[in-house]
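# Structural features, examined
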Amino acid sequence: MALEGEAALAWELAERLLRALGADGMLSGADGDAYAVQGVAPLAVARPDEIDGVCAAVAAAAELDVPVLPWGGGTRQAIGYPPRQRGLVLSLERLTRVIEYDPADLTVTVQAGITHAALAARLAREGQTLPLDVALPGRATVGGTLAVGGLSGGLRRAFYGGARDTTLGLRVVDASGGLIRTGGRVVKNVTGYDMTKLFIGALGTLGVIVEASFKLAPLPETEATVLGIFPQAARAFEAVPALEALALRPSALAAVQVDALPELAHLGATHGDFVLFAVRLPGPATAVERAVREARAVLQQAGARTILEVEHAAHEAFWAPLERLAAAGTSSPSGRSEALLRLPALPSELPEALEMARALAQDRVLALAWLADAATGTLWLRLHTAAAASSPSSPPFVGSYGGRPASPGDEDRFSRELADLLGELQRAYPHTIVLDCPPTMKADLPIWGTPPPAVSRRVMRDLRQRLDPASRLNPGRYLPDLEAGDTDDTPAPAASS
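All of these numbers come straight from a predicted model, not from anything done at the bench.

Secondary structure summary: the chain contains 15 helices and 19 strands in total. The buried share of the chain, reckoned over its 497 residues, is 56%. Restricting to contacts in the chain with at least 6 residues of sequence separation, those with at least 24 account for 72%. Carbon and sulfur atoms form 53% of the exposed surface of the chain, whose accessible area is close to 20,300 Å².

The next subject is empty space enclosed by the protein. As enumerated under the stated definition, the model contains two cavities of 30 Å³ or more in all. Approximately 320 Å³ is the volume attributed to the largest cavity. In this structure, the largest cavity is lined by 24 residues; those nearest its centre are Pro 70, Gly 72, Gln 77, Gly 144 and Ala 147. Those elements giving two or more residues to the lining of the largest cavity turn out to be strand 3 (68–71), helix 4 (142–148) and strand 10 (208–215). Sorting elements by how many residues they give to the lining of the largest cavity places helix 4 first, with four residues. Of the residues belonging to the lining of the largest cavity, the class tally is 11 nonpolar, 11 polar and two charged. Its volume calculated, the second largest cavity comes out at about 80 Å³. Class assignment for the residues of the lining of the second largest cavity results in nine nonpolar, three polar and one charged.

Attention now goes to the packing of aromatic side chains. Scanning the model with the defined rule gives four aromatic pairs in all. Seen from their ring centres, Phe 318 and Trp 319 are 5.3 Å apart, and the 90° between their planes marks the pair as edge-to-face.

One open sheet accounts for five strands, arranged 5-6-10-8-9; its pairing is antiparallel. Pairing within the sheet leaves two strands with one partner each, and these edge strands are strand 5 (98–102) and strand 9 (179–183). For this sheet, the mean inter-axis angle between neighbouring strands, taken without regard to orientation, is 10°. Note: strand 5 against strand 6 (residues 107–111), four bridges, orientation antiparallel.

Moving on, we get to the sheet that holds strand 18 (residues 378–385). The strand order across the open sheet formed by eight strands is 15-12-14-13-17-18-16-19, and the pairing between neighbours is antiparallel. The open sheet has two free edges, formed respectively by strand 15 (306–310) and strand 19 (433–436), since each of these has just one partner strand. Averaged over neighbouring strand pairs, the angle between their axes works out to 20° when direction is ignored. The sheet contact formed by strand 12 (residues 222–230) and strand 14 (residues 275–283) spans nine bridges and is antiparallel. Directly across from Leu 227, in strand 14, lies its bridge partner Ala 278. The strands that helix 11 (residues 285–302) touches are strand 12, strand 14 and strand 15; relative to strand 12, the one it contacts most, it runs at about 5°. Sheet strands touched by helix 13 (residues 350–363): strand 16 (338–344), strand 17 (366–373) and strand 18. Its angle to strand 17, the strand with the most contacts, is close to 170°.

Attention now goes to the nonpolar core. Counting 89 residues, the largest nonpolar core has Leu 243, Phe 277, Leu 299, Leu 341 and Trp 370 as the members making the most contacts within it. With seven residues, helix 11 is the single largest residue contributor to this core. Excluding residues within four positions of it along the chain, Leu 341 makes contact with Leu 379, Trp 380, Leu 381, Leu 383, Leu 418, Leu 421, Leu 422, Leu 425, Thr 432, Ile 433 and Val 434. With 51 residues, the next largest nonpolar core counts Met 26, Ala 44, Leu 90 and Val 142 among its residues.

This paragraph deals with the pattern of salt bridges. Opposite charge on two side chains makes pairing possible when the charged atoms of those side chains draw close. Under the definition given, this model contains 19 salt bridges. One salt bridge connects Asp 49 with Arg 94, and the closest N-O pair in it is separated by 3.6 Å. Separated by 45 residues along the polypeptide, Asp 49 in the loop between strand 2 (44–46) and helix 2 (51–63) and Arg 94 in the loop between strand 4 (88–91) and strand 5 bring together distant segments of the chain. According to the relative accessible area criterion, Arg 94 is partly exposed, its value standing at 27%. Arg 235 serves as the salt-bridge partner of Glu 238, at 3.9 Å between the closest nitrogen and oxygen. Connected via shared salt-bridge partners are Glu 12, Arg 16 and Glu 63.

Along the polypeptide, Ala 314 turns up in the loop between strand 15 and helix 12 (315–325). With 90 residues separating them along the chain, Ala 314 and Ala 224 place their C-alpha atoms 9.0 Å apart.

Taken N-terminus to C-terminus, the directions of helix 1 (residues 5–21) and helix 2 make an angle of 155°; their axes are 10 Å apart at the nearest point. The angle between helix 1 and helix 2 falls in the class roughly antiparallel. Crossing geometry of helix 1 relative to helix 2 is assigned as right-handed. Contacts from Leu 13, Arg 16, Leu 17, Ala 20 and Leu 21 of helix 1 reach helix 2 at Gly 53, Ala 56, Ala 57, Ala 60, Ala 61 and Glu 63. For the contact of helix 1 with helix 2, the per-class residue count stands at eight nonpolar, one polar and two charged.

The rules we used
Residues numbered from 1 in each chain as written. Predicted model: local features only at pLDDT ≥ 70, side-chain atom pairs only at ≥ 80, totals over all residues. Heavy atoms only, no water. Helix = DSSP H or I, 4+ residues; strand = E, 2+ residues; numbered from the N terminus. Buried < 20%, exposed > 50% of the residue type's maximum accessible area, 1.4 Å probe, protein only. Contact = heavy atoms within 4.5 Å. Areas by Shrake-Rupley, 256 points an atom, 1.4 Å probe, with all protein chains shown as cover. 1 Å grid on protein atoms, 1.4 Å probe; cavity = no way out; pocket = protein on both sides within 12 Å on 5 of 7 lines; lining within 4 Å. Points joined across faces, edges and corners; volume = space filled by probe spheres on them. Nonpolar A, V, L, I, M, F, W, Y, C, P; charged D, E, K, R; others polar. Phe/Tyr/Trp six-rings, centres within 6.5 Å; stacked < 30°, edge-to-face > 60°. Pairing = 2+ DSSP bridges. Axes fitted to C-alpha atoms, helices over the stretch in contact; angles between N-to-C directions. Core = buried A, V, L, I, M, F, W, Y, C linked by side-chain atoms within 4.5 Å. Salt bridge = Lys/Arg side-chain N within 4 Å of Asp/Glu carboxyl O. Parallel < 35°, antiparallel > 145°, perpendicular 65-115°, else oblique. Left-handed = near helix turned anticlockwise from the far one by under 90°.

Shown next, in the form of structure tokens:
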């Protein structure tokens, strides 16, 4: 019996991948279902172990007019809209080589599929680090981090910079399977307008990042974190100017409600509504020791009820849950409907923005867990229906959100309340975006915030059509209304950015 339509296309794609990559380099049928993107299963999965294989896979997809969905560790596929159609999932998880490492020059070039944990282990032997924070370093790849850009969190971004600040150059596979090089490998390389910055944060819609060169930072001799527990968020934020003026500059200033962290569930009975303010201090041991004393004094003067200290050895264990709270794709596996919003504001506006979010959530009977980066002015909001029961073993919500189990009507109510709350927030803070929510809800949500001006939209559309004229790279994921064939400068509600 002859195959027709999508089944025939999937068979032909699998045959071409098999010839180009071998049996170890591809998956088809049910074997590829683990690579589904927001519920959309792939036609096939390519798993090349060399850059030439990436080019061959993309070229095969182009010949068949099949969309290409890049995949790193799969940890941030919740970001963006669902794919417009089924296509080829292009996994880079086997591209894990360190191409070139020059410790004396503080530079490294790696393939995009290397995980942050693997790269960190290699760099640590030389006392160096790539300071891009991710929620799941054992799975998250550097290529995925570059693809999502500033959407990947990073509580030390104000201190070390973000992905665009640390990246020197890229190698990118274009929509036809060709290879592009941008930037350079050394810090001294200075060019004009840098195409590197266009590919970072484009969610794989302009090209597939396969190799990256970074500038590194020395690992600090030691680190300490000073914690202050405040009865009110506003009091905690009042300490920020004095903390930023310390002789030893903090690498992170984060505020979080205590009962948002399962690791602090034992404090919930007496401190559940309190705010934990964390000050991260890296540097020489003597300077850190002095900065700890100064930070404790600042927090005490601001009204902290309790002041604690996290020693260097426990640092990663403390900060990792905070990064997870700000990351898409790391919500509770409880089956309830949840959403993660990212609200950028001026640091001085954080208390007002937080109070507005809390009031909106309370009015709509939505449970809210929040985290704030007080240095950059970024607020992350995790929401779910307050009626859905929560347990201490079910992150990220711990505390008095429980009630009854979720009912079939909870998802519909959550969808309506989320849309209403998002609209109110975006009127006050236009760049509030949705990092994660059930895919079925996204069609009716302006997940990218306020649309850019018409001039900016024309520039972005021109770039998209020059680099991917057939809109094969991640179609529909990022800016659906800026893809090939759309000439209307008035954005559709579900496609704003």
